[in-house]
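# Descriptive structure summary
Each chain, letter by letter, is given below.
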Amino acid sequence: MSARVLVAMSGGVDSSVAAAILREDGYDVIGVAMRLAEPHPNASPVGNSSPRRGTCCSHDDFEDARRVAERMDFPFYVIDLRAEFGARVIDNFVAEYLGGRTPNPCVMCNREIKFDRLWSRARALEADFIATGHYARIERGADNLFHLMRAADESKDQSYFLFTLGQDELARTLFPLGNMTKDEVRKRARELGLANADKPDSQEICFVPGGDYARFVEQNSMPESIRPGRILDAAGNELAAHAGVHRFTVGQRRGLGIATGEPLYVREIRALAGDIVVAPRTELTSQGLIAERVSVTDPEAASRGAIPVEVKIRYRHPPIPANLNLESGGRALVRFARSGPAVTPGQACVFYRGEEVVGGGFIERAIEA
Amino acid sequence: MAIYLDHNAGAPLRPQAAAALSLFIADAGGNPASVHRAGQRARRMLEDARVRIAALVGASPRQIVFTSGGTESNNLAIFGAAMNASLRSKVVSSAIEHSSAREPLGDLERRGMEIVRLTPDSDGKIASSSVIEAIDSTTSLVTLGMANSEVGTLQDFEGIAERARSAGALFHVDAAQAAGRVPVDVDAIGCDLVTISGHKFGAPAGIGALYVRDAARIAPLMHGGPHERGLRAGTPNLAGAIAMGAAAKAAGDALAVEASRIGTLSGLLLSRLRAGIPGLGLNGPEFGRIPNTLNLTFPGVLGESLLIALDLEGVEVSMGSACAAGSVEPSHVLRAMGKSAAQARSSLRISLGWNTTAAEIDAAADIIARVWRRVAATEPVTSQHAAGAAP
């Protein structure tokens, strides 16, 4: 009997090709689309607290996935994970912004939903593996450990979002697109006759249509939890007032409402005081960071002292050479080899050694020199 | 070969209906409204079918209006009655009706009508005394399901028809799940309108009928030619009607035998599952259901997960009502019966039918108990899943 694999399908071309490839390779494929948020902002009848949650997981997306399943002849189901996604991803997203941090919901969704809740569903359905359309690779080394690696297509590499996967998860996960480029994936989709071969990539966070995070946060929180305050320069002079700390992220330039000769950027968010500190670009630097909720793919790594790594502090930032010191309580000290850009509390920081992801965590704060 | 236990969603085509469809294909071509002989042949086929459907519910053939199915029949009954008695502002119904009645009622409510939705007891039964009490001189319509589609509870309509008549209201019975499975007699009930759905008893989907005691008392929704005594314009679905006539005759002829056989099988399945699944709950009364329907709460699992796992093992059942996206919503019927959201999310509907065999029930009992054990062990329900984010 062939191994059974549960493939998470969004209706996009990547997860569709991932499922199709596994089917062609002889796996017993079960396709699932996850219903994570409400398709219509006002779909909830009276009694639900708020007109929550924007547009994703639409009927059309699920139909695209269903058509792929029909064409490739494997069973397909829509599963309802709205409760878990709401509690573990959306609530966290809102709380982080309200606390002056910049969350990364894709990392949380992978950790809490795809590789946790979906895995227990996979076990209930007697699946041996979970597969997704992520661009990343898993290799098994001579040490018998599983290694999470960057994708062959550097421009699409999504290993950053997957750093929370440990040995248990890596052992039962398949990334069929890890060695393919996006062009190859689209070509494969056309060869297989998949109707969504030329569907555009999704660009935004799936549950925030239009990308207006501030509005989403306001719609999904109590009015009294919004923290307005002052915009200050480095010397503490008030430059302007603002409507809430959730409207800002470190490095942001637009929307500050300040007219000065020199462009100013958000350097720090002091959520408790409600203060946003701005500075010219040259002052947006840091020497390293403290990470929390740190995990490593190799459980032995913790005993090795300072580890030379390259750290990515945002998905689209180039990696920075750094020294990683794992500390107790799931924390780590990351000291950049040379002065780096300002770090953004709440974002994931991911540790690479060459092609390999050795672990990662969430940025708690910058360190002073 | 899969074991199909979802007859309340739709029964497989009866062989008699398939044979009637082949006859239609061989002799296709006429419009029942045409004067020529092709039209006359088509008309005869249509009217023969009408006779058979009328016989299933003890009606006169001229009181049967063909529709596209149960949903259209409910819409025609509800809007047709309310629009025809536009000076009356109230409709009496219940909280456990099918969406094809619920949504029309919601629409009437948005247009300013008063909708009384009576709450059932914990078995899904509506007290007829509460219906009688709710009817007054402003009531245009009483609309109630005869057998609930999700839990199978049969209603007792004692005294409702008399009260409705004396108040000048119409009484509509949605018999989509009852007709062809238990005796339905329009005169014994004394009702004015009855919904009949073809594919619940082995006709193809896309054909249904509405019994209309007095055509003058409802307004049509479809306007056009004078078809169906002016109540439903448009050339009828002749192929569907012929097949529905054949299925109605087959179901009617076998009614007592089938009901007893299916009742025995569902009773056997229930006792086997109770033995294999500690804490299993039956939703609906022990007695007083249509014989084919079991709505069960499976402890410690999500119904959605069990449903998919069973499908992969070849046992086809259902949960609540499917939403547009293809996932499932917890049942409003179970909630109205006082079950918690968690119980509703752990419940599945198993519905047997005319072609269910003893061997299938024997196999299904083993598979369901085994798959429940596995799902309960691997994906136990937490309070977070069970409570749900949406109502």
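This is a predicted model, so every value here is computed, not measured.

## Section: the overall build of chain A
Tallying secondary structure elements over chain A gives seven helices and 17 strands in all. Expected size for 369 residues packed as a compact globule is a radius of gyration near 21 Å; at 22 Å, chain A falls within 12% of this value. The C-alpha extent of chain A, read off along each of the three principal axes, is 70 × 55 × 35 Å. The proportion of buried residues among the 369 residues of chain A is 49%. For chain A, the proportion of contacts with a sequence separation of at least 24, taken over those separated by at least 6, is 63%.

## Digging into the overall build of chain B
Counting secondary structure elements, chain B contains 14 helices and 14 strands. Compactness check: chain B gives a C-alpha radius of gyration of 21 Å against a globular reference of 21 Å for 391 residues, within 12% of the reference. For chain B, the spread of C-alpha atoms along the principal axes amounts to about 65 × 50 × 35 Å. Sequence-distant contacts in chain B: of pairs separated by 6 or more residues, those separated by 24 or more amount to 74%.

## Concerning the nonpolar core
If you look at the biggest cluster of nonpolar residues, it comprises 127 residues, and the most contacted ones within it are L6, V7 and L22 of chain A together with L306 of chain B. Sort the elements by how many residues they give to this core and helix α4 (residues 105-124) of chain A lands first, with eight residues. Two domains each put at least three residues into this core: domain 1 (4-133 + 176-211) and domain 3 (285-366) of chain A. Leave out the neighbours within four places in its chain, and V7 of chain A touches S15, A18, A19, L22, V29, G31 and A131 of chain A. A85, Y211, A251 and W354 of chain B belong to the second-largest nonpolar core, a separate cluster that totals 73 residues.

## Thoughts on the domain arrangement of chain A
By the assigned domains, chain A splits into domain 1 (4-133 + 176-211), domain 2 (227-283) and domain 3 (285-366). Each of domain 2 of chain A and domain 3 of chain A has a C-alpha centre, and the two are 26 Å apart.

## Remarks on the sheet that holds strand β5 (residues 139-145) of chain B
Residues and elements named next belong to chain B. With mixed pairing, the seven strands of this open sheet are ordered in space as β2-β8-β7-β6-β5-β3-β4. Whereas interior strands pair on both sides, the edge strands pair on one side only; in this sheet they are β2 (64-67) and β4 (114-118). Strand-to-strand, the axes of this sheet are offset by a mean angle of 20 degrees, without reference to chain direction. Of the strand pairs in this sheet, strand β6 (residues 170-174) and strand β7 (residues 193-197) are connected by three bridges, and their pairing is parallel. Bridge pairing in β7 places H172 opposite L193. Running over the sheet, helix α4 (residues 99-110) touches β3 (90-94), β4, β5 and β6 and is turned about 150 degrees from β3.

## Description of the sheet that holds strand β9 (residues 281-283) of chain B
Strands pair in a sheet through their backbones, by hydrogen bonds, and they do so in one of two ways: parallel or antiparallel. Residues and elements named next belong to chain B. Read across the open sheet, the three strands follow the order β9-β10-β14; overall the sheet is antiparallel. Among the strands making up the open sheet, the edge pair consists of β9 and β14 (347-351). Sheet twist, expressed as the average angle between the axes of neighbouring strands with direction ignored, equals 35 degrees. Note that strand β10 (residues 293-297) and β14 share five bridges and pair antiparallel. From the neighbouring strand, L296 faces β14, where its bridge partner is L348.

## Observations concerning the pairing of strand β2 (residues 28-35) of chain A
Remark: a regular strand shows side chains that alternate across the two faces of the sheet. Among the eight residues of β2 of chain A, seven are classified as buried, and the element is accordingly described as predominantly covered. Chirality of the crossover, the property in question, places the unit of strand β1 (residues 4-8) of chain A, helix α1 (residues 13-24) of chain A and β2 of chain A among those that are right-handed.

## So, the confidence of the model for chain B
Residue and element names in this part refer to chain B. With 95% of its residues at a pLDDT of at least 70, chain B reaches an overall mean of 94. Confidence over residues 386-391 falls short of pLDDT 50; this stretch has 22 contacts with residues more than four positions distant or in other chains. Taken together, the chains of this predicted complex give a pTM of 0.91 and an interface ipTM of 0.88.

## Here's the deal with the environment of A215 of chain B
Note on placement: A215 of chain B falls in the loop between β8 (208-212) and α8 (238-253). Filtering out sequence-adjacent residues up to four positions away, A215 of chain B remains in contact with R229 and L231 of chain B.

## Brief notes about the packing of helix α9 (residues 255-276) of chain B against helix α13 (residues 358-378) of chain B
Residues and elements named next belong to chain B. Running from N to C, α9 and α13 point in directions that differ by 20 degrees, and their axes come no closer than 9 Å. Compared by their axis directions, α9 and α13 come out roughly parallel. For the pair α9 and α13, the crossing hand works out as right-handed. Taking contact as the criterion, the partners of L265, L268, L269, R272, L273 and G276 in α9 are, on α13, A358, I361, A364, A365, I368 and A369. In terms of residue class, the contact of α9 with α13 is built from 10 nonpolar, one polar and one charged.

## Quick word on the confidence of the model for chain A
Atom-level detail of predicted coordinates should not be read off regions where pLDDT is low. For chain A, per-residue confidence averages 90 on the pLDDT scale, and 94% of positions sit at 70 or higher. Within the model, pLDDT remains below 50 along residues 40-55 of chain A, and this stretch shows 28 contacts once partners closer than five positions in the same chain are excluded.

## Details of unusual backbone geometry
Glycine aside, residues mostly have negative phi angles, and peptide bonds mostly take the trans form. At R293 of chain A, a residue that is not glycine, the phi angle is positive and equals roughly 45 degrees. Here R293 of chain A is to be found in strand β12 (residues 285-296).

## Overview of α1 of chain A
All names here are of chain A. In this model α1 runs 16 Å from its N-terminal to its C-terminal C-alpha over 12 residues, within 8% of the 16 Å that 1.5 Å per residue would give. Across the 12 residues that make up α1, a large majority, 11, are buried. All of the buried residues in α1 are V13, D14, S15, S16, V17, A18, A19, A20, I21, L22 and R23. Buried residues in α1 make contact with β1, β2, α2 (59-72), β4 (129-131), β7 (173-174) and α6 (182-191).

## So, the pairing of strand β16 (residues 348-353) of chain A
All names here are of chain A. Burial analysis of β16 places five of its six residues in the buried class, which makes it a mostly covered element. Where strand β13 (residues 307-312) and β16 come together, three bridges link them in antiparallel fashion. Within β16, the position partnered with K312 by the bridge is V350. The sheet contact formed by β16 and strand β17 (residues 356-366) spans six bridges and is antiparallel. Looking across to β17, one finds that A348 is bridged to F362. The hairpin turn running from β16 into β17, its antiparallel successor, is two residues long, and G354 in that turn takes a positive phi close to 65 degrees.

## Here's the deal with the environment of P15 of chain B
Within the secondary structure, P15 of chain B sits in helix α1 (residues 15-26). Sequence separation between P15 of chain B and A203 of chain B is 188 residues, and the spatial gap between their C-alpha atoms is 9.5 Å.

Cut-offs used in this document
- Residues numbered from 1 in each chain as written.
- Chains lettered and ligands numbered in written order.
- Predicted model: local features only at pLDDT ≥ 70, side-chain atom pairs only at ≥ 80, totals over all residues.
- Helix = DSSP H or I, 4+ residues; strand = E, 2+ residues; numbered from the N terminus.
- Rg over C-alpha atoms; globule rule 2.2 N^0.38 Å.
- Buried ≥ 20, exposed ≤ 12 C-beta atoms within 10 Å, placed from the backbone.
- Contact = placed C-beta atoms within 7 Å.
- Core = buried A, V, L, I, M, F, W, Y, C linked by C-beta atoms within 7 Å.
- Domains from an automatic or database assignment.
- Pairing = 2+ DSSP bridges.
- Axes fitted to C-alpha atoms, helices over the stretch in contact; angles between N-to-C directions.
- Right-handed = clockwise from strand over helix to strand, strands pointing away.
- pLDDT = per-residue confidence, 0-100.
- Parallel < 35°, antiparallel > 145°, perpendicular 65-115°, else oblique.
- Left-handed = near helix turned anticlockwise from the far one by under 90°.
- Nonpolar A, V, L, I, M, F, W, Y, C, P; charged D, E, K, R; others polar.
- Expected span 1.5 Å × (residues − 1).

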